[in-house]
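Structural overview for review
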Amino acid sequence: LANVDRWLVEPGRQVLPPAELCVTVLIVCVVRFAGLATGLTAGAVASVAIFAFANLSAPVVKYAATALNVRSSVERDRDEAARLDVYGDRIGIFAVQGFLFFGNGRRVVEFVRAWLDGANDNAHYAILDLAHATGADASAVDALLEAARLVQATHRREVPALYVCGAHEDVRRALRRRQASGGAAVKQSLDVDSALGDCEARLLRDLREGNSQTPLRRLGTTVVSFDKALIGAVRRSALSGFAADAEIDALLAGPGLSECAEARRLKSGEALLPHGAAGEPTGHDDALYIVASGRMTVRRDPNQSTGAILRKARRHATSFRLAELGPGSIIGTHEFVRRTRSVGVFMAAEPCLLYKLPFAALDALASTDPSAHGALW
């Protein structure tokens, strides 16, 4: 009764939104003529109707994009990047918002169906970002699985082609139960970046293999010479043409750089650098590393502080991928220039071969091989 007085009777009363004001008046009128229980029931029904109408009128897809304009943090060489520039529209990203129920869940399916129109038997991948979705009922989960079947139909074999990211735990459990009972395959991922990186790798594989679903052959620690690794690193830099050729000649002209290079192999999951606080001075054994073969991931470590003063601070954040590096990437440039630790932990995503160039040996090149030292900078 106090709320009714404050909302409807008192001078200078609190102004309610029109929909809520109508529900309040409805409850008061029904209670007056039909009783308290009937009035509360009428108010609950009216509130549910307003909720359903609000969700139906709001756009369920916040935005849609493709890999033509959104890329993952995975480093690609120029050939791979050029292919994604041409075929990136085969990876669709759909950010879903609001509560998904029987009234708006079908809209997600229609978005995916419209995007797949004209697929021409080319393999496609879709990512549903549910980070802004507050929940989903059973019918909406069925709609997500139907969208997965549409994307999966573009492949020659039944493989998970739809990724779901950022979903609430209830939605993730419902998807797992439906898949266990024979529903379409859905791959759940931590975030959009990791899902997008996986989709890019699978699309590039499809382009190489003609949409076949055979697994990738792991090269492991393929033996790559230091000279070849160094040339690949220069080619991946911003230099090109005569500028790149001149730098390669200067780096390889003398024996100094190749003599200080040490081969190092990492097993899958092995860390490259010691875990230290970001901003701390580097140690005497720090070095530049050139990735010769394999792939390295850079992950954010929740236990790594951003300064020595915060080293003992507790961390509750989740570890996530910052970047993924492939052959030709150089690790340790920040440490080499500033001589302080950078943020992130470098881990081998698969067996890797790297060439280590100790800082002490590189500093000594200033007197033993000045041309190589200048080209390095």
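Structure report, in brief.

Conventions and cut-offs
- Residues numbered from 1 in each chain as written.
- Predicted model: local features only at pLDDT ≥ 70, side-chain atom pairs only at ≥ 80, totals over all residues.
- Heavy atoms only, no water.
- Helix = DSSP H or I, 4+ residues; strand = E, 2+ residues; numbered from the N terminus.
- Contact = heavy atoms within 4.5 Å.
- Core = buried A, V, L, I, M, F, W, Y, C linked by side-chain atoms within 4.5 Å.
- Buried < 20%, exposed > 50% of the residue type's maximum accessible area, 1.4 Å probe, protein only.
- Salt bridge = Lys/Arg side-chain N within 4 Å of Asp/Glu carboxyl O.
- Axes fitted to C-alpha atoms, helices over the stretch in contact; angles between N-to-C directions.
- Parallel < 35°, antiparallel > 145°, perpendicular 65-115°, else oblique.
- Left-handed = near helix turned anticlockwise from the far one by under 90°.
- Nonpolar A, V, L, I, M, F, W, Y, C, P; charged D, E, K, R; others polar.
- Pairing = 2+ DSSP bridges.

**A look at the environment of valine 141**
Mapping valine 141 onto the fold places it in helix H6 (residues 138-152). Sequence separation between valine 141 and phenylalanine 102 is 39 residues, and the spatial gap between their C-alpha atoms is 9.4 Å. Among all residues touching valine 141, those that are not within four sequence positions of it are Ala174, Leu175 and Arg178.

**Describing the nonpolar core**
Grouped together as the largest cluster of nonpolar side chains are 42 residues, with contacts concentrated most on Ile91, Ile127, Leu128, Leu130, Val151, Leu162 and Val164. Of all the elements in the fold, those that place two or more residues in this core are strand E2 (91-100), helix H5 (105-116), strand E3 (125-136), H6, strand E4 (162-165), helix H7 (169-180) and helix H8 (192-209). If you tally residues by element for this core, the top one is H6, at 7 residues. Those residues in contact with valine 164 that sit more than four places away from it in its chain are Leu128, Leu130, Leu175, Val186, Lys187, Gln188 and Ser189. Judged by nonpolar contacts, the second largest core, of 18 residues, contains Phe226, Leu257, Cys260 and Leu357.

**Here we look at the pattern of salt bridges**
One pass over the full model with this rule turns up 14 salt bridges. Ionic pairing is found between aspartate 85 and arginine 71, a salt bridge with its closest N-O pair at 2.6 Å. One end of the pair, aspartate 85, is in helix H4 (residues 78-87); the other, arginine 71, is in the loop between strand E1 (61-66) and H4, with 14 residues separating them in the sequence. Looking at aspartate 85, the relative accessible area reads 49%, which means it is partly exposed. Here arginine 71 falls in the partly exposed class, since its relative accessible area comes to 32%. Between arginine 106 and glutamate 146 there is a salt bridge, with its nearest N and O atoms 2.4 Å apart. Within this pair, whereas arginine 106 is found in helix H5, its partner glutamate 146 is found in helix H6, the two being separated by 40 residues in sequence.

**Examining the packing of H6 against H7**
Here H6 crosses H7 at 60 degrees, and the two axes come no closer than 10 Å. For the element pair H6 / H7, the angle class is oblique. Judged by the twist between their axes, the crossing of H6 over H7 is right-handed. Residues Ala138, Val141, Asp142 and Leu145 of H6 form the contact with H7, whose own contacting residues are Ala174, Leu175, Arg178 and Gln179. The residue makeup of the contact of H6 with H7, split by class, is 5 nonpolar, 1 polar and 2 charged.

**Description of the packing of H4 against H8**
Angle between the axes and distance between the axes: these two values describe a pair of packed helices. Taken N-terminus to C-terminus, the directions of H4 and H8 make an angle of 90 degrees; their axes are 11 Å apart at the nearest point. In terms of axis orientation, H4 runs roughly perpendicular to H8. Residues Glu80, Arg83, Leu84 and Tyr87 of H4 form the contact with H8, whose own contacting residues are Glu200, Leu203, Leu204, Leu207 and Arg208. Considering only residue class, the contact of H4 with H8 consists of 5 nonpolar, no polar and 4 charged.

**Here we look at the sheet that holds strand E5 (residues 187-189)**
Taken together, the 5 strands give an open sheet; going across it, the order is E1-E2-E3-E4-E5, and neighbouring strands pair in mixed fashion. Each edge of the open sheet carries a strand with a single partner, namely E1 and E5. Strand after strand, the sheet turns through a mean of 20 degrees between neighbouring axes, direction not considered. Bridge count for E3 against E4 is 4 bridges, and the pairing is parallel. Residue pairing for E4: leucine 128 is matched across the bridge by valine 164.

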